[in-house]
Number of protein chains: 4
Amino acid sequence: MALSIDFRVRYAETDQMGVVHHAVYYVWFEQLRTEYFRKIGFPYGQLEEQGVFFPVVESRCEYKEGARYDGEVKVTGWFRKPRGVRVRIDYLVEQKGRVLVKGYTLHARADANGKPRRIPAEILEKIMEEAAPITEGPHLN
Amino acid sequence: MALSIDFRVRYAETDQMGVVHHAVYYVWFEQLRTEYFRKIGFPYGQLEEQGVFFPVVESRCEYKEGARYDGEVKVTGWFRKPRGVRVRIDYLVEQKGRVLVKGYTLHARADANGKPRRIPAEILEKIMEEAAPITEGPHLN
Amino acid sequence: MALSIDFRVRYAETDQMGVVHHAVYYVWFEQLRTEYFRKIGFPYGQLEEQGVFFPVVESRCEYKEGARYDGEVKVTGWFRKPRGVRVRIDYLVEQKGRVLVKGYTLHARADANGKPRRIPAEILEKIMEEAAPITEGPHLN
Amino acid sequence: MALSIDFRVRYAETDQMGVVHHAVYYVWFEQLRTEYFRKIGFPYGQLEEQGVFFPVVESRCEYKEGARYDGEVKVTGWFRKPRGVRVRIDYLVEQKGRVLVKGYTLHARADANGKPRRIPAEILEKIMEEAAPITEGPHLN
């Protein structure tokens, strides 16, 4: 399965090249994750209060074209099957039907002190249900 | 009249104090302006292509409370009657029914080289129609 | 007295107007504060660990000209005499000898829960020593 | 060869996890590039004025630990030998002698319209001189 969110590019997200700054896509990926965690019943803010963190341990993007101010963008994300404490999400960013950016982030479940910890069973189960096979969505090596 | 937009706080917008960083509200104000210019029929991206810019010449905020991650916020804006080349917009930021922040930005119409220029008549007319009396909305001195 | 810091504008700080985004100056002001607190012997990170916070309760800027990428900017700050729990700092941003931006931030001492608290005596004393009369530096109303 | 820059973490760069937000490292990498282009005699701002752009076509990071507010960080970068229109730079971020983050960015020379163009000969020559063998510095696959 997958989740998509749509929103408009902010002026502050552009740089003097006239398109969105390349670091901003990682912020959009994070916004997708926030929505995805809420959708599967575990709002990320509540997880943190319970000592369940998923800090980013790896991030990657390939850029084809820059997103433009004021136009709508669509960000889609695919959970992948967790391996141990690690969860990967793949992303696609589109504007006006064109693929602009592909990327992923890899997360490791940690506690409030940053120590690695098992993914709680009920969250793991939900992510397993939601996880898409790698034949779906982009999948950078 | 006034316009409101609702959206969720992004994780990247928080700082280590656990609430939204104080500079971020100015980015939200800008997002409100983008929506407001579109609503009155002059998408800001198109205005720029026609050489109509409204750079910020003054900005101000009063902070009561910090917005929190993952919760919805409402940003409301009120256009004020332009004076010469200048337009002011007042803003209110709310979360869960509490007023967090009040602010304004003042803009001066400029051309692509940053030179002051008259506000085009059809835009001025629309903003005059839309402008709220200062008895409506917040109005910091 | 006053403190100045010099650094180069970052590419990510520009927007598609080709100059620095107006919200970024508030981040630069904060960087000046960080340096100023360190200079007077109270690194802000250590203050926070001791439960001494100075959240921003008001911020304001007047913009004359936009700072440009890759050029050096100078940010200067003036502490003003605290009133009760409140401290104000005024700022000036210059590039190539031209004044670009004037602004201030107003802070209220708070504890870790955001409750107002007295400024600790030894910090108050240092700020009083450092405080500049309003005849020095910019002072927006 | 390699180039290092040192600077202090900004408060605005942290998030509510108490460390620097993962997207910020890409901004730091960019700051390193700005310094490196200046060092080899081609300030990036001037290159852009001459129609020589190096937009990011790929970016990647591995995160070991988060950088902390107010402490100094060191960012080091290594140019790699260009292949066709593409240049890669590898980065290392350290704080208090600990390696926090490794990453790279890949750039493709483009003109003002985003079309791929050859790297001008005198720039190519300088980068070739400066380029470090992959046995030096980090080199994520």
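Notes on the structure in this doc start here. Just so we're clear, the structure is a prediction, and the values are computed from it rather than from any experiment.

**Section: the overall build of chain A**
Across its full length, chain A carries three helices and five strands. Overall, chain A shows an N-to-C arrangement of helices and strands of β-α-α-β-β-β-β-α. Scaling as 2.2 N^0.38, a compact globule of 141 residues should have a C-alpha radius of gyration of about 14 Å, and chain A matches this with 15 Å. Overall, chain A is about 45 × 30 × 25 Å in size when its C-alpha atoms are taken along their principal axes. Sorting the 141 residues of chain A into buried and exposed places 61% on the buried side. Intrachain contacts of chain A at a sequence separation of at least 6 include 70% that bridge at least 24 residues. Total accessible area on chain A is roughly 6100 Å²; 49% of this is exposed by carbon and sulfur atoms. Charge separation in chain A, taken as the distance between the mean sites of 22 positive and 20 negative side-chain charges, equals 4 Å.

**Observations regarding the relation of the copies chain A and chain C**
Once chain A has been moved 0.0 Å along the axis and rotated by 180 degrees, it coincides with chain C to within an RMSD of 0.0 Å. Between the two chains, the operation in question is that of a two-fold axis. When the interface residues of chain A are mapped onto chain C, 100% of them again lie at the interface, so the same face is used by both copies.

**Side note on the relation of the copies chain A and chain D**
Least-squares fitting of chain A to chain D yields an RMSD of 0.0 Å, with the superposition described by an axial translation of 0.0 Å and a rotation of 180 degrees. Here 100% of the interface residues in chain A have copies in chain D that are interface residues too; the copies meet face to matching face.

**Thoughts on the packing of aromatic side chains**
Tallied over the full model, the rule gives 50 aromatic pairs over all chains. Consider the rings of Tyr 11 of chain A and Tyr 44 of chain B, whose centres lie 6.0 Å apart with planes at 65 degrees: the pair is edge-to-face. Within this pair, whereas Tyr 11 of chain A is found in the loop between strand S1 (3-8) and helix H1 (24-39), its partner Tyr 44 of chain B is found in helix H2 (residues 44-49), the two belonging to separate chains. The residues Tyr 11 of chain A and Tyr 44 of chain B share a single accessibility class, namely buried. Summarising the aromatic geometry, the rings of Phe 29 of chain A and Tyr 91 of chain A are spaced 4.1 Å apart at their centres and angled 0 degrees between planes, so their arrangement reads as stacked.

**Examining the interface of chain A and chain C**
Across the boundary between the two partners, chain A contributes nine residues, which contact nine residues of chain C. Interface area, chain A with chain C, both sides summed: about 890 Å², of which 56% is carbon and sulfur. Where chain A touches chain C, the interface holds zero salt bridges. Of the residues that constitute the side of chain A that touches chain C, the class distribution is four nonpolar, four polar and one charged.

**Comments concerning the sheet that holds strand S2 (residues 56-63) of chain B**
Across the sheet, which stays open at both edges, the 10 strands sit in the order S1(B)-S3(B)-S4(B)-S5(B)-S2(B)-S2(C)-S5(C)-S4(C)-S3(C)-S1(C) with antiparallel pairing between neighbours. Each having just a single partner strand, strand S1 (3-8) of chain B together with strand S1 (3-8) of chain C make up the two edges of the open sheet. Pairwise comparison of adjacent strand axes, ignoring direction, gives a mean angle of 15 degrees for this sheet. As judged from the six bridges shared by S1 of chain B and strand S3 (residues 72-79) of chain B, these two strands associate in the antiparallel manner. Opposite Arg 8 of chain B, over in S3 of chain B, you have Glu 72 of chain B as the bridge partner.

**Side note on the pattern of salt bridges**
Under the criterion given, the structure shown has 53 salt bridges over all chains. Of the charged contacts in the structure, one is a salt bridge between Arg 10 of chain A and Glu 13 of chain B, with a shortest N-O distance of 2.8 Å. Highlighted residues: Arg 10 of chain A in the loop between S1 and H1 and Glu 13 of chain B in the loop between S1 and helix H1 (24-39), drawn from two different chains. Accessibility classification places Arg 10 of chain A together with Glu 13 of chain B in one group, the buried group. The partner of Glu 58 of chain C in a salt bridge is Arg 60 of chain B, with the nearest N and O atoms 3.1 Å apart. With Glu 58 of chain C in strand S2 (residues 56-63) and Arg 60 of chain B in strand S2, this residue pair bridges two chains. The same class applies to Glu 58 of chain C as to Arg 60 of chain B, namely buried. Several salt bridges share partner residues, and in doing so they unite Glu 58 of chain A together with Arg 60, Glu 62 and Lys 64 of chain D into one network.

**Details of the side chain of Glu 30 of chain B**
Position of Glu 30 of chain B among the secondary structure elements: in helix H1. Glu 30 of chain B sits in the buried class, given a relative accessible area of 7%.

**Considering helix H3 (residues 121-130) of chain C**
An α-helical turn contains 3.6 residues, so any two residues separated by three or four positions project in the same direction. Residues and elements named next belong to chain C. Those residues of H3 that sit buried are Ile 123, Ile 127 and Glu 130. Down the axis of H3, the buried side of the element spans an arc of 60 degrees, and every buried residue falls inside it. Facing away from the buried surface of H3 by more than 90 degrees, the exposed residues are Ala 121 and Glu 125. Of the surrounding elements, those touching the buried residues of H3 are helix H1 (24-39), helix H2 (44-49), strand S3 (72-79) and strand S4 (86-95).

**Overview of the state of the cysteines**
Overall, the coordinates contain zero disulfides over all chains when judged by the stated rule. The thiol sulfur of Cys 61 of chain B is not disulfide-bonded, and the nearest other cysteine sulfur, from Cys 61 of chain C, lies at 11 Å.

**Looking at H1 of chain B**
The terminal C-alpha atoms of H1 of chain B lie 23 Å apart, and with 16 residues this matches the ideal 22 Å at 1.5 Å per residue to within 8%. Counting buried positions along H1 of chain B yields 13 of 16 residues, so the element is predominantly enclosed.

What counts, and at which threshold
Residues numbered from 1 in each chain as written. Chains lettered and ligands numbered in written order. Predicted model: local features only at pLDDT ≥ 70, side-chain atom pairs only at ≥ 80, totals over all residues. Heavy atoms only, no water. Helix = DSSP H or I, 4+ residues; strand = E, 2+ residues; numbered from the N terminus. Rg over C-alpha atoms; globule rule 2.2 N^0.38 Å. Buried < 20%, exposed > 50% of the residue type's maximum accessible area, 1.4 Å probe, protein only. Contact = heavy atoms within 4.5 Å. Areas by Shrake-Rupley, 256 points an atom, 1.4 Å probe, with all protein chains shown as cover. Lys, Arg positive; Asp, Glu negative; His and termini not counted. Charge placed at Lys NZ, Arg CZ, Asp CG, Glu CD. Least-squares fit on C-alpha atoms with pLDDT ≥ 70 in both. Phe/Tyr/Trp six-rings, centres within 6.5 Å; stacked < 30°, edge-to-face > 60°. Buried area = accessible area lost by both parts, 1.4 Å probe. Salt bridge = Lys/Arg side-chain N within 4 Å of Asp/Glu carboxyl O. Nonpolar A, V, L, I, M, F, W, Y, C, P; charged D, E, K, R; others polar. Pairing = 2+ DSSP bridges. Axes fitted to C-alpha atoms, helices over the stretch in contact; angles between N-to-C directions. Arc of directions from axis to C-beta. Disulfide = S-S within 2.5 Å. Expected span 1.5 Å × (residues − 1).

Geometric values such as these leave the question of function open.
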